[in-house]
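So the chains spell out like this:
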Amino acid sequence: MKKILIAWIMACMALAGCYNASESRENVLKVYNWADYIGEGVLDDFCTYYKEQTGEDIRIVYQTFDINEIMLTKIEKGHEDFDVVCPSEYIIERMFRRGLLLPIDTVFARSPNYMKGVAPYIRAQLDRLGTAERPVSRYAVCYMWGTAGLLYNTAYVSAEEMSTWGCLWDKRYAGKILMKDSYRDAYGTALLYAHRKELAEGKATVPGLMNDYSPAAMDTVEKYLKLLKPNVAGWEADFGKEMMTKGKAWINMTWSGDAQWAIEEARTVGVELAYRVPSEGSNIWYDGWVIPKYAKNRKAASYFINFLCRPDIALRNMEATGYVCSIASPEIMEASIDSTLPEGVDASYFFGPEATDVKLRPTQYPDRSVVERCSMIRDFGDKTVDVLEIWSRVKGDNLNSGIVILILIVIALLSAWQVRRRWLRWKRKRTSRRRRRR
């Protein structure tokens, strides 16, 4: 935790040097994104595109984050003037409800509105976070999406054994299981498995269970996660892919994009990995671009989001990240077809009727039958602290208090930075007045 705190403190202190306050904000675009989440050269190509579209030069100040909540704190508490950021769906929901988002422009000088290429299915999912009068798709454009499931080594476990989340609680795999260090996914997984009988009988639903924050539900989650813990070899944020490709672990509860990357890497060294979403159901997540309330260059931000939705750019970002873009254009589908696959998937929910039986990787484009038993985990709201406390007790590493301390330090640093910036501005004005008097 000390190492994490030091790293974040250094990162926060470095922020002030990333942007020259005397530079016109009309020529600067401040982007805040996840690390390793954009294709090589895409930022430079956007600058060229923007010049062609508007006749104006643009310089990008690009920064990365690793935790949704830290990003949100900088914007909500620090009033950081990022022009475009890429939060996950539950943070989009939180920002939307707190009035922290600006509408995205959809009319451009010489460019089509590429945002129209977002799959209607994806747009409908995001709109569930808002109302009919104020659809979230007016304020957020999905960038990448995917599922949570099980990555497994076919040499040690079978597809049938991975058909249920119960494998995570199976003592046969003790010490060979990795769990994604994600309290939200763990929460949903525990409830789905605990209520597997009700799900099978139609007496419970996936969205209803994964978004149940009642005291009874929380007690069930804590009980099941504590029973699971002895089987877990590690709670991973990124090292799971490497451990799986090296055969050090057999099962990894992870996200589909990481799974696809691991499958491809493992194949180059003769290790066969596969991915499956268990029969009980799972989480479908969405990351999207938004324009925060304190943005100073909404125009360039809208152009940037539109540019990333252009099919050729979306493909480049897919290839670089391993995740799946939200664009459902014919070019994307054609480029994603893998004729070596033994059978196709029904991706008509995403691409339309022509994709009823297409040879797409099920890791990236799950079959309709899989999507129908999955759901989005909504924002925990004021129950977030309670869920984090459960996660802390399960892992036994004081996670919640660490995050709280981290957020407080970031807030303090940002506040101090804001005070210093105002003081320097006042000092410059006072000096200027003195010079005029002289």
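Residues numbered from 1 in each chain as written. Predicted model: local features only at pLDDT ≥ 70, side-chain atom pairs only at ≥ 80, totals over all residues. Heavy atoms only, no water.

Within the protein chain, the regular secondary structure consists of 18 helices and 12 strands. Counting only residues that meet the buried cut, the protein chain has 55% of its 438 residues in that class. Here the protein chain has roughly 20100 Å² of accessible surface; of this, 52% comes from carbon and sulfur atoms. (Helix = DSSP H or I, 4+ residues; strand = E, 2+ residues; numbered from the N terminus. Buried < 20%, exposed > 50% of the residue type's maximum accessible area, 1.4 Å probe, protein only. Areas by Shrake-Rupley, 256 points an atom, 1.4 Å probe, with all protein chains shown as cover.)

Our next topic: helix 3 (residues 68–76). Burial within helix 3 is extensive, with 8 of its 9 residues counted as buried. Buried residues of helix 3: Asn68, Glu69, Ile70, Met71, Leu72, Thr73, Lys74 and Ile75, and no others.

Attention now goes to the layout of surface pockets. Its boundaries defined by the atoms lining it, the second largest pocket holds a volume of some 700 Å³. Looking at the second largest pocket, it is lined by 27 residues, and the ones nearest its centre are Tyr275, Leu341, Arg361, Pro362 and Thr363. Listing elements by their share of the lining of the second largest pocket, those giving two or more residues are strand 5 (140–153), helix 11 (256–268) and strand 9 (273–276). Residue classes in the lining of the second largest pocket are distributed as 13 nonpolar, 5 polar and 9 charged. (1 Å grid on protein atoms, 1.4 Å probe; cavity = no way out; pocket = protein on both sides within 12 Å on 5 of 7 lines; lining within 4 Å. Points joined across faces, edges and corners; volume = space filled by probe spheres on them. Nonpolar A, V, L, I, M, F, W, Y, C, P; charged D, E, K, R; others polar.)

This paragraph deals with the environment of Leu72. Within the secondary structure, Leu72 is located in helix 3. Separated by 23 residues in sequence, Leu72 and Met95 have C-alpha atoms that sit 8.0 Å apart. Those residues in contact with Leu72, other than ones at most four positions away along the chain, are Lys77, Ile91, Arg94, Met95, Arg98 and Leu100. (Contact = heavy atoms within 4.5 Å.)

Interaxial distance between helix 2 (residues 42–54) and helix 12 (residues 298–308) falls to 10 Å at its minimum, and their mutual angle equals 115°. Between helix 2 and helix 12 lies a crossing of right-handed hand. For the pair helix 2 and helix 12, contact is made by Val42, Leu43, Asp45, Phe46, Tyr49, Tyr50, Gln53 and Thr54 and by Lys299, Ala300, Tyr303, Phe304, Asn306, Phe307 and Leu308, respectively. A class-by-class count of the residues in the contact of helix 2 with helix 12 yields 10 nonpolar, 3 polar and 2 charged. (Axes fitted to C-alpha atoms, helices over the stretch in contact; angles between N-to-C directions. Left-handed = near helix turned anticlockwise from the far one by under 90°.)

Another aspect to go through is the confidence of the model for the protein chain. Summary statistics for the protein chain give a mean pLDDT of 89 and a share of 85% for residues scoring 70 or more. Below a pLDDT of 50 lies the segment residues 1–17, which in the model reaches 20 contacts outside its immediate sequence neighbourhood of four places, other chains included. Contacts of residues 429–438 to residues separated by more than four positions or lying in other chains number 0 contacts, the stretch itself having pLDDT below 50. (pLDDT = per-residue confidence, 0-100.)

For the rest of this paragraph, the subject is the packing of aromatic side chains. Using the criterion set out here, one finds 32 aromatic pairs in the structure. Here Phe46 and Tyr49 contribute two aromatic rings whose centre-to-centre distance is 6.0 Å and whose plane-to-plane angle is 40°, an arrangement assigned as tilted. Of the two residues, Phe46 and Tyr49 both sit in helix 2, 3 residues apart, roughly one turn of that helix. Just as Phe46 is buried, Tyr49 falls in that class too. Each residue in the set Tyr37, Phe46, Tyr49, Tyr50, Phe108, Tyr143, Trp285, Trp289, Tyr303, Phe304, Phe307 and Tyr323 is aromatic and connected to the rest through ring pairs, giving one cluster. Cation over ring: Lys30 sits above Phe82, and NZ or CZ is 5.3 Å from the ring centre. Note that Lys241 overlies the ring of Trp261, its terminal NZ or CZ placed 4.8 Å from the centroid. (Phe/Tyr/Trp six-rings, centres within 6.5 Å; stacked < 30°, edge-to-face > 60°. Lys NZ or Arg CZ within 6 Å of the ring centre and 35° of its normal.)

A word on the pattern of salt bridges. All chains considered together, the criterion is met by 28 salt bridges. One salt bridge in this structure joins Asp81 and Lys30, with 2.8 Å as the shortest N-O distance. Of this pair, Asp81 sits in the loop between helix 3 and strand 3 (84–85) while Lys30 sits in strand 1 (residues 28–34), placing them 51 residues apart in sequence. Look at Asp81 and you get buried, because its relative accessible area is 9%. Note that Arg94 and Asp379 form a salt bridge whose closest N and O atoms lie 2.8 Å from each other. Of this pair, Arg94 sits in helix 4 (residues 89–97) while Asp379 sits in the loop between strand 12 (374–375) and helix 17 (384–395), and the two are 285 residues apart along the sequence. For the residue pair Arg94 and Asp379, the accessibility class agrees, reading buried in each case. (Salt bridge = Lys/Arg side-chain N within 4 Å of Asp/Glu carboxyl O.)

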